[in-house]
Structure formats: C-alpha cells, structure tokens
Amino acid sequence: MTRVAIIAMGGTIAMSPSAGGGVVPALSAEDVLAAVPGLAELGLDITAHTLRSLPSPSLGFADLVALSDAVRAEIAAGAAGVVVTHGTDTIEETALFLDLTVDSPVPVVVTGAMRHPTSAGADGPANLYAAIRVAVAESARGLGCLVVMSDEVHGARFVRKGHTSSMAAFASPGFGPLGLLVEGEPRLRGTPRVGLRLPANPRVADLRVGLITVALGDDGELLRRAGDAFAGIVIAGLGAGHVPADMVPLVAGFAAKVPVVLASRTGSGSVLRQTYGYPGSERDLLDRGLIHAGFLDPAKARVLLQLLLADGADRPRIASTFDLYR
Ligand code: ASP
C-alpha cells in the first residue's frame, strides 16, 4: 500500500478556540486528518505525526532543522509522499528550507488553512485532501517542495502569502502556480527548478541573518544600530533594488564586512542589474559589493543566506549560488 506521512507543525489548520479568547494550536495531526472526507476511498496508508504545535510566527530555524530531519526520515522509511501541515504566516520560508535540504524526488507538500476548523467554510480539510493527492502524484515527483492551498500547487521558490485573510492568499507572483487540482486530481505542468541542495546543518539556528526593509526617507538608522549583530544581511530594497543615496556609505560599509544580499520589497520580479545609475541604484549597490538576490524575495533570500552561512560558504560561493536564482 502506498504510504503518505503527515507531519503536523501547528498553525490555523490545527487551532481551536481558547478559554482566553481567540484560537490557538490545539489539535494533533490525527485530529486534523480525521476531519478530511474522502481519504478512505484513496486506498492509501496514511500515517500522522505531530512534530510541533505552534503558531508559525513562533517557529525558528531549529524547528526547521527538526522538520527537515523528520521529512528525510519518513522518506528513508519508504513514504511515497510527505505532507506537512503548517501555519500560513511562514509557510513560504519553510517550503524553501525543505526544498533546499531534502534531496529526494519524493514529493514534499506543505499546506495549511486560512480559516480555523470551527469557522464556517473552514478550508483545512480541502487543503489537506488536495495536498495528499499531490503528494502521491507521479507528476509531482522531482518538483521539490510544493505548497498546496486552494486547489493550487505552488513551487517553493516563488510562493508567497499575499493577503491577510483571503482563502486565495497564496500566489506565485510573476510566474503563477505549477498546477492545480481538477476534481481532486492534480494537473501539474512543472517548471525547471534550481537543483541546489544544502545540508540542514543545526548551526543554522545559531546564526543571525538580518532582514532590513528600506523605506522612503530612510537614513539607515535601523541598519546602523543593528547591523553589527548579524552574520549576513538581506536588504529589502525599494523597487528594482534601490536605497536612498544617504544610505549608500552605510550599506557599502556592511557589505565590506559581511555578505549583504540585495532583494526587492516589492515581492515580485527580479532585482535589476544594469538599468539605473544614480547613487543608491542597483548598479551602484552591486558595484559596492552587494549580492544580487535574483527572483528570491527578501524572506526567501534570508533562508538561503542563512543555510549558506551555516554551510561555511564564503562570499564568492554565496554570490554564485544566488546567481542560480536569476
Ligand atoms: N497565524 C497563523 C499561523 O501562521 C496563520 C495560519 O496558520 O494560517 O500559524
């Protein structure tokens, strides 16, 4: 019998009302699974394991290392597919982490819910059902880690949560989903992926990589005060990768000391390389030693930089790895 392993991390999909008001993680992987109709008809051997019961803003890199280890253990034990249930707030970071650290063609699918189980029209059961269908689909093999929400299948590299509450919160800006489910059946077209693999080194949890978002009129005070605390920095720049002219000496100074990656706060598209020539433009910053994030958004660039630093990568290796995401 084909085996699918469910690993629960918490999130809205596993939340219940609390005595103090509001919903909190409470349900086990078995509880979440029990609410999904139609599973018996699939004829699968589905195992469920609760690894964490946390809201996803409280997950850290040590949890992701434990999750990656658990996913690889399930694959080694013969799972044909692995489904991770997870809070939606940070699903996109966890998906990229798993994509980079699980070296196997076995589908790893992350899903969650925008509406908690006791709300009208809760989406958790439908999302988990769809995720299980994708996890055992032949067409999903070799596509790396996937995120399945609202009957859409997204690649880990592009997926983003783009709405606070809509059930259609997830999108892959600029590229679109890799596929969708039709009458419960996955229809995947796939896209070439970056074949990069990195170890889930526990050191990743001891490293601090800063994510600094730049804003209009920004004089860099946040970076000035906090920058020295970081082993690497991601700048979520304006537009195509820009900062105010006044910030340039500060940013360049940090780039001389630690890897500083230039991403865009827009959340879609690639940082440019050779269009703008003013002080603080992408050309200026790249000339001053910043590393181009390519199509990786700031949160994903931070995950990659953190894993590379944990693997002992030097600046040239970091730059050539980010080049894979052009
Ligand atoms: N705040 C929740 C979390 O990320 C949201 C969700 O799961 O949808 O855990």
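Residues numbered from 1 in each chain as written. Predicted model: local features only at pLDDT ≥ 70, side-chain atom pairs only at ≥ 80, totals over all residues. Heavy atoms only, no water.

Before going further, it helps to examine the packing of aromatic side chains. A full pass over the atoms with the stated rule returns 4 aromatic pairs. For the ring pair Phe61 and Phe97, a centre distance of 6.1 Å and an interplane angle of 50° mean the geometry is tilted. Linking Phe61 in helix α2 (residues 61-76) with Phe97 in helix α3 (residues 91-101), this pair joins segments that are 36 residues apart in sequence. For the pair shown, Phe61 and Phe97 are each scored as buried. Taking NZ or CZ as reference, Lys257 lies 4.5 Å from the ring centre of Phe254, over its face. (Phe/Tyr/Trp six-rings, centres within 6.5 Å; stacked < 30°, edge-to-face > 60°. Helix = DSSP H or I, 4+ residues; strand = E, 2+ residues; numbered from the N terminus. Buried < 20%, exposed > 50% of the residue type's maximum accessible area, 1.4 Å probe, protein only. Lys NZ or Arg CZ within 6 Å of the ring centre and 35° of its normal.)

Counting 32 residues, the largest nonpolar core has Phe97, Val261, Leu304, Leu305, Ile318 and Phe322 as its most contacted members. Counting only elements with at least two residues in this core, the list comes to α2, α3, β15 (260-264), α8 (298-310) and α9 (315-323). Considering each element in turn, this core owes the most residues, 8 residues, to α8. Those residues in contact with Leu304, other than ones at most four positions away along the chain, are Leu100, Leu196, Leu198, Leu296, Thr321, Phe322 and Tyr325. Counting 27 residues, the second-largest nonpolar core is a separate cluster that includes Ala113, Leu128, Leu146 and Val148. (Core = buried A, V, L, I, M, F, W, Y, C linked by side-chain atoms within 4.5 Å. Contact = heavy atoms within 4.5 Å.)

Moving on, we get to the sheet that holds strand β6 (residues 108-111). Across the sheet, which stays open at both edges, the 8 strands sit in the order β4-β1-β5-β6-β7-β8-β11-β12 with mixed pairing between neighbours. Looking at the sheet topology across the chains shown, the edges are occupied by β4 (45-54) and β12 (185-188). Put simply, the sheet's adjacent strands are angled 25° from each other on average, direction ignored. One ladder, built from 4 bridges, connects strand β11 (residues 179-182) with β12; its direction is antiparallel. Considered in β12, the bridge of Leu180 is made with Arg187. Contacting β1 (3-10), β4, β5 (81-85) and β6, α2 runs over the sheet at an angle of about 170° to β1. (Pairing = 2+ DSSP bridges. Axes fitted to C-alpha atoms, helices over the stretch in contact; angles between N-to-C directions.)

Okay, the site of the ligand next. Around the ligand, a shell composed of Gly11, Thr12, Met15, Pro55, Ser56, Pro57, Gly87, Thr88, Asp89 and Ala113 is seen. A distance of 2.4 Å is found between an oxygen atom of the ligand and a side-chain nitrogen or oxygen belonging to Thr88. Interatomic distance of 2.9 Å between a side-chain N/O atom of Asp89 and a nitrogen atom of the ligand. Expressed as a share of its isolated accessible area of 260 Å², the protein-covered part of the ligand is 86%. In the shell around the ligand, the residues fall into 4 nonpolar, 5 polar and 1 charged. (Near = heavy atom within 4 Å. Polar contact = N/O pair within 3.5 Å; in protein donor to acceptor, adjacent residues only side chain to side chain. Areas by Shrake-Rupley, 256 points an atom, 1.4 Å probe, with all protein chains shown as cover. Nonpolar A, V, L, I, M, F, W, Y, C, P; charged D, E, K, R; others polar.)

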